[in-house]
Amino acid sequence: MKKILNNIYKNKIFLAFICSMLVMVILLCVYYFIFRPKITLVGEDIIYITINDQYLEPGVKAHNLIKDLTNKVKKIGEVNPNKLGTYLLTYKVSSNLLNTKVRRTVKVIDNIKPEIKFKEDIDFIVCPNKEYEELGYEAIDNVDGDITNKVNIIKEEDKVIYTVKDNSNNETSVIRNLIKDNQKPTITLKGNKTVSLAIGGKYYESGYTASDNCDGDITKDVKVTNNINNKKTGTYYVTYSVSDSSGNTTEITRTVKIISPLIPKGSTIYLTFDDGPSNITPKILDILKEENVKATFFVINTSSTYNYLLKRIVDEGHTIGLHGYTHNYSKTYASVNAYFNDLELIRNKVLNLTGVDSKIIRFPGGSSNNVSKFNPGIMTTLAKEVTNRGYHYFDWNVGSSDTVSSCSSSCIYNNVVKGLTSYHTLVVLMHDFSGNTRTLNALRDIIRYGKNNGYKFDRITMDTPQIKHKINN
Ligand SMILES: [Zn+2]
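Figured I'd write up the structure that's included with this text. Since the structure is predicted, the reported quantities are computational estimates derived from the model, not experimental observations.

**Some points on the nonpolar core**
In a soluble, globular protein the nonpolar side chains are often hidden away together inside.
Thought 1: Core analysis: the biggest nonpolar cluster contains 64 residues, and L271, F273, L288, F297, Y339, L420 and L443 have the highest contact counts within it.
Thought 2: Here this core gets six residues from one element, more than from any other, and that element is helix α8 (residues 437-452).
Thought 3: Counting contributing residues per domain, this core is built from domain 3 (186-259) and domain 4 (268-457), each supplying no fewer than three.
Thought 4: Residues contacting L288, with those up to four places away along its chain left out, are L271, F273, V293, A295, F297, H318, L443 and I447.

Structural data, given as C-alpha cells:
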C-alpha cells in the first residue's frame, strides 16, 4: 500500500513537471507568434536597371502582430547604377529579441544599342564607271565608347550593311543605299531668258553651260533646237536638251518673241557710258571690240589706276567725252566759274593722257537736273555758255535705269530695248562706274538686239544731232 501511495506521489510530481513545461512551450509559442517581425519587399525581388539610370529603392514593409516596424528596417548593401553588375541588398529588422531578414537582387545591365553614324550623306549615288567609295562612319556605344573598329561591313549590289555589337551583345545594323545616279544635269543660260526680236531680225544665241554631278561639264553635249519663224510675229522657243551618262535628261527653253518693228528706218544707237573709267571699263571695251561697235565715254576723274583706259578708249576708236572732274553737284554748280574750272580740269587730264581736246560734254545729272536748284538758273546759263565756248552737250533719250541698284541685267536690257523705238537718234544712258556688272552683263544682248533689228551703232561726234533735255533750272 505504501509502495502504491509512493508511486502516485512520484507520478504527480512528474505530471506537474510535464504540465509546467507544456505551459512554458505554449507561452513561448504565443510570444513568438505575437512578436516575430515580418518583412515584405515592395516591388520585385529581382530588379533590372539600365546602366547610368537612377536606382530608385522601392523599400520594404515590416511589422509584427502588434505594431509596424518599417522604420526599424536596416538595409545592407549598395547599388552602383554606373557599373554593370549584380548587387545584393539585405533588409534586416529586430524586435523583442527576434529578428528576420529578406533579400533583393538588383542587376545593372546594358540594354542600349550602340549607334552607327555616317560621316556624309546616308545614301551614295553611284555614277556609271565609278567604284563605290566608303564615305566614312563611326560607331559609339554608351558603355564601350568608340567601337568603330568592331563594325562589320557587308556590301551588296544595292546597299552596304553596317553591323556592330557592344560587349553586352546589343546589336545595331544600318544600311547605306547605293542609288543609281538619278540626278539630272543642269543647264544654265547666258543672256536673257526672254529675247524680243523684230520681224526679219536674226536670233543670236547668247550661250549656255551644262554640268552634271557625275559627268562634270557636258556643255558640248547640249542639243539646241528652235522653232523660230522670224517672218511671223509670235512666241517661239529655243530648246536646250542634254542627257548625262546615266540617261538623266534635262530640257529647258528660252523664249523668243518675234514682234512687229516700230523702228524708224535708219536709226542709230549711240551707247554712252558715264562716270568711268573703272574696273568695269576694260570689259565694256572688250565687248565693244568683239561686237565691233563704237561708243562714247563721258569720263570723270577716277583713280589714276585707270588713267591708261582713257588712252585705250581713244585708241579703240571710241569718243571720249567730258562729264566733270569731281562729279560733285554742290561744287560744280556753285557758279559758272566753278563749273568751268571743273570742266577744264577733266578736259586737261584727257588732253594730257590722250592728246584729244574733247569738246563733247555731258552735264553731271544732265542739263535737266534738279540737283542744281540751290543755284537758280545755273543750268540755263551754263547751257548757253558751253555752246558759246564751242562745246556740244549731249543728254539722252533712252534710259537704262542702271544707277538703280535693284535693276538687274535683264531689267537694264528691257529698259533699253523698250526705249529703242521712237527716235532716229537714240542716245542710250548707261554707266561704267566701278563694279557695275549689271550693265556689263546686259551690254552684249543690247548690242545684239540692236543688230538683230537693223539699227546702226555709232559714237557721238561734233556732227551728231544734239539730244537735249528741257532745262528745269
Ligand atoms: Zn554722271
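**Section: the packing of helix α5 (residues 336-354) against helix α6 (residues 378-388)**
Thought 1: The N-to-C vectors of α5 and α6 enclose an angle of 50°; their axes lie 10 Å apart at closest approach. Here α5 lies oblique to α6, going by the angle between them. Note on packing geometry: the crossing formed by α5 with α6 is right-handed. For the pair α5 and α6, the contacting residues are V336, Y339 and F340 in the first and I378, T381, L382, E385 and V386 in the second.
Thought 2: In terms of residue class, the contact of α5 with α6 is made up of six nonpolar, one polar and one charged.

**Quick notes on the packing of aromatic side chains**
Thought 1: Applying the stated criterion across every chain, the model contains twelve aromatic pairs.
Thought 2: An angle of 25° between the planes, with centres 5.1 Å apart, marks the rings of F273 and F297 as stacked. Here F273, found in strand β21 (residues 268-276), pairs with F297, found in strand β22 (residues 296-299); they are 24 residues apart in sequence, far enough to count as distant. Of the two residues, F273 and F297, neither departs from the other in class, the shared state being buried.
Thought 3: Each ring, one from F363 and one from Y393, has its centre 5.0 Å from the other, and the planes form 55°; the classification is tilted. Taken together, the residues span a long stretch of sequence, with F363 in the loop between β24 (360-361) and α6 and Y393 in strand β25 (residues 392-393) at a distance of 30 residues.
Thought 4: Judged by relative accessible area, F363 falls into the buried class, the value being 0%.
Thought 5: Three or more aromatic residues link up through ring pairs in this structure, and these residues are Y329, Y333, Y339, F340, F363 and Y393.
Thought 6: For the cation-ring pair, R176 lies above F118, with the distance from its terminal atom to the ring centre recorded as 4.0 Å.
Thought 7: Taking NZ or CZ as reference, R389 lies 3.6 Å from the ring centre of F340, over its face.

**What about the side chain of D432?**
Thought 1: With respect to the element layout, D432 can be found in the loop between β27 (425-431) and α8.
Thought 2: Summary of buried charges: D432 has no salt-bridge partner, and the nearest side chain of opposite charge, R362, is 9.1 Å away.
Thought 3: Polar contacts involving the side chain of D432 include one to the main-chain amide nitrogen of G276, which spans 3.1 Å.
Thought 4: In contact with D432, other than residues within four places in its own chain, are F273, D274, D275, G276, P277, S278, I280, T281, I284 and F297.

The rules we used
Residues numbered from 1 in each chain as written. Predicted model: local features only at pLDDT ≥ 70, side-chain atom pairs only at ≥ 80, totals over all residues. Heavy atoms only, no water. Core = buried A, V, L, I, M, F, W, Y, C linked by side-chain atoms within 4.5 Å. Buried < 20%, exposed > 50% of the residue type's maximum accessible area, 1.4 Å probe, protein only. Helix = DSSP H or I, 4+ residues; strand = E, 2+ residues; numbered from the N terminus. Domains from an automatic or database assignment. Contact = heavy atoms within 4.5 Å. Axes fitted to C-alpha atoms, helices over the stretch in contact; angles between N-to-C directions. Parallel < 35°, antiparallel > 145°, perpendicular 65-115°, else oblique. Left-handed = near helix turned anticlockwise from the far one by under 90°. Nonpolar A, V, L, I, M, F, W, Y, C, P; charged D, E, K, R; others polar. Phe/Tyr/Trp six-rings, centres within 6.5 Å; stacked < 30°, edge-to-face > 60°. Lys NZ or Arg CZ within 6 Å of the ring centre and 35° of its normal. Lys, Arg positive; Asp, Glu negative; His and termini not counted. Salt bridge = Lys/Arg side-chain N within 4 Å of Asp/Glu carboxyl O. Polar contact = N/O pair within 3.5 Å; in protein donor to acceptor, adjacent residues only side chain to side chain.

Keep in mind these numbers describe shape, not what the thing actually does.
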